[in-house]
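One letter stands for each residue in the lines below.
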Amino acid sequence: MKSTGNFLFKIKKESGELQDFSKIKFTNSLKKSGLDQEKIDLILKKLGPRLKEGLSTKRLYKLAHSLIKKNSYTAASRYAFPRTLSALGPDGFNFEKFVAGLMLRLGYSTKIGVMVKGKCVSHEVDVIASKQNKTIYMECKFHNSLSFKEDIKTALYVNARKMDLHENKKNTFDEYWLITNSKFTLDALTYSGCAGLKAVSPYDPEGESLYDLMVKARAHPIGIINSLRPKDQSYLIGRGIFFVKDLLSAPNAVDALHISKAKADEILKEARALCSPF
């Protein structure tokens, strides 16, 4: 395949579908990593000769991540963050546990899957986080596709639950959060803001995004360890190891992965390096 340094080519999505590569969208994803424009331009220049017709989104991600890492560890971590959350799939229960784990590390007490009575009906709340005089209702929405966008129907549904729970004066929720590992449509964000819902995604809102919470909690998701195979990640998550620090607290867990000692040492070395800035 010929290289297409002019960025006019078709990229292969995870579904196998080919679509026109969007330089604007890709550049925006680099900006979200925190890189300045000068470094972004340099990365685009270096990527140019490697861009070929039919390049997969997964391969593009790996190429970009490798170049970002050479510029900034923090930027590489931020860029990789949405994909690291994918390891929590395929269903949403592990995502709920991950969110609860973040809040726990931020000093909150947490409960998962609690039935709470509203005025009209009872509702199962994904996560309840409490600290001092503050209690947060958390609705968690997990998607295996990173391109999925949570739309206004979800915001309307969560707001309806919010109103019913609010009408039962025994409930003392101070904030209502709608959390996703993907993205929100503009309508969903606009409605959530108007209705008093906090819409939280990997990069938004600024200062309180999932990434920001992760940094404040000093808790990298286990999926960020590149030397772990997908099945290794699933195995560890299935045993309650959601964060890199969990693995460092129980390093013998890698013994059950049926890998060589050299590979196990590589995994633990990467885990320690990931945690060193935090």
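For clarity, every value in this text was computed on a predicted model and none was experimentally measured. (Residues numbered from 1 in each chain as written. Predicted model: local features only at pLDDT ≥ 70, side-chain atom pairs only at ≥ 80, totals over all residues. Heavy atoms only, no water.)

Caption draft 1: Just the packing of aromatic side chains, in detail. Throughout the structure, instances matching the rule amount to 9 aromatic pairs. For the ring pair F95 and F142, a centre distance of 5.8 Å and an interplane angle of 50° mean the geometry is tilted. Here F142 lies in the loop between β5 (134-141) and β6 (149-150) and F95 lies in helix α5 (residues 93-105), a separation of 47 residues in the sequence. For F95, a relative accessible area of 0% translates into the label buried. Against the face of Y61 rests R83, its NZ or CZ located 4.7 Å from the ring centre. The ring of Y176 has K162 lying over it, and the distance from NZ or CZ to the ring centre is 5.7 Å. (Phe/Tyr/Trp six-rings, centres within 6.5 Å; stacked < 30°, edge-to-face > 60°. Helix = DSSP H or I, 4+ residues; strand = E, 2+ residues; numbered from the N terminus. Buried < 20%, exposed > 50% of the residue type's maximum accessible area, 1.4 Å probe, protein only. Lys NZ or Arg CZ within 6 Å of the ring centre and 35° of its normal.)

Caption draft 2: Structural context of the packing of helix α2 (residues 37-47) against helix α3 (residues 57-71). Viewed as axis vectors pointing N to C, α2 and α3 meet at an angle of 135°, and their least axial separation amounts to 10 Å. As far as their axial angle goes, α3 and α2 are oblique. Classified by chirality, the crossing of α3 by α2 is right-handed. Contacts between α2 and α3 pair K39, I43, K46 and L47 from the former with L60, L63, A64, L67, I68 and N71 from the latter. (Axes fitted to C-alpha atoms, helices over the stretch in contact; angles between N-to-C directions. Parallel < 35°, antiparallel > 145°, perpendicular 65-115°, else oblique. Left-handed = near helix turned anticlockwise from the far one by under 90°. Contact = heavy atoms within 4.5 Å.)

Caption draft 3: Just α5, in detail. Given a rise of 1.5 Å per residue, 13 residues ought to cover 18 Å, and the 19 Å separating the end C-alpha atoms of α5 matches this to within 8%. Residues of α5 that are buried include every one of N94, F95, E96, F98, V99, A100, G101, L102 and M103, and no others. (Expected span 1.5 Å × (residues − 1).)

Caption draft 4: Molecular detail of the side chain of T180. The residue T180 is located in strand β7 (residues 175-180) in this model. At a separation of 3.1 Å, a polar atom in the side chain of T180 contacts the main-chain carbonyl oxygen of K141. Separated by 2.9 Å, the side chains of T180 and S182 make a polar contact. (Polar contact = N/O pair within 3.5 Å; in protein donor to acceptor, adjacent residues only side chain to side chain.)

Caption draft 5: Up close: the pairing of β5. Judged by how many residues are buried, β5 sits mostly within the fold: 6 of 8 residues are covered. The sheet contact formed by strand β4 (residues 122-131) and β5 spans 5 bridges and is antiparallel. Across the sheet, residue S130 finds its bridge partner in β5, namely T135. The antiparallel hairpin formed by β4 and β5 contains 2 residues in its connecting segment, where Q132 sits at a positive phi of about 55°. Pairing of β5 with β7, which is carried by 6 bridges, proceeds in the parallel orientation. (Pairing = 2+ DSSP bridges.)

Caption draft 6: Local environment of the pattern of salt bridges. Taken as a whole and assessed by the stated rule, the structure comprises 12 salt bridges. With a shortest N-O distance of 3.7 Å, E266 and K263 are connected by a salt bridge. Residue E266 and its partner K263 are both found in helix α11 (residues 261-275); the two are separated by 3 residues, about one turn of the helix. Of the residues examined, E266 reaches a relative accessible area of 42% and is grouped as partly exposed. Among the charged side chains, a salt-bridge network with shared partners connects K134, E175, K198 and E208. (Salt bridge = Lys/Arg side-chain N within 4 Å of Asp/Glu carboxyl O.)

Caption draft 7: Quick look at the pairing of strand β9 (residues 197-200). Side chains L197 and A199 of β9 all project onto a buried face; the interleaved residues K198 and V200 project onto the opposite face, where all are buried too. Two elements, β7 and β9, share 4 bridges in a ladder whose sense is parallel. Residue pairing in the sheet places W177 in a bridge with K198 of β9.

Caption draft 8: Summary view of α3. End to end, α3 covers 21 Å across 15 residues, agreeing with the expected 21 Å (1.5 Å per residue, within 8%). Along α3, the residues that are buried comprise L60, Y61, L63, A64, H65, L67 and I68. Contact partners of the buried residues in α3: β1 (10-12), α1 (23-32), α2 and α4 (73-85).

Caption draft 9: Local environment of the nonpolar core. With 47 residues, the main nonpolar core has F95, L102, M138, I225 and L247 as its most contacted residues. Look past the residues within four positions of L102 in its chain and what remains in contact with it is L210, L213, M214, A217, A219 and F243. Membership of the second largest hydrophobic core comes to 23 residues, among which are F26, L30, L35 and Y61. (Core = buried A, V, L, I, M, F, W, Y, C linked by side-chain atoms within 4.5 Å.)

Caption draft 10: Seen up close, the sheet that holds strand β3 (residues 109-117). With mixed pairing, the 5 strands of this open sheet are ordered in space as β3-β4-β5-β7-β9. Edge positions in the sheet fall to β3 and β9, since each has one partner strand and no second. On average, adjacent strands in this sheet sit at an angle of 35° to one another, irrespective of strand direction.

Caption draft 11: Summary view of the packing of helix α6 (residues 152-167) against helix α7 (residues 186-195). Here α6 crosses α7 at 20°, and the two axes come no closer than 8 Å. Classified by the angle their axes make, α6 and α7 are roughly parallel. Between α6 and α7 lies a crossing whose hand is right-handed. Together, I152, A155, L156, N159 and K162 of α6 and D187, A188, Y191, S192 and A195 of α7 make up the contact between the two elements. Its residues placed into classes, the contact of α6 with α7 shows 6 nonpolar, 2 polar and 2 charged. (Nonpolar A, V, L, I, M, F, W, Y, C, P; charged D, E, K, R; others polar.)

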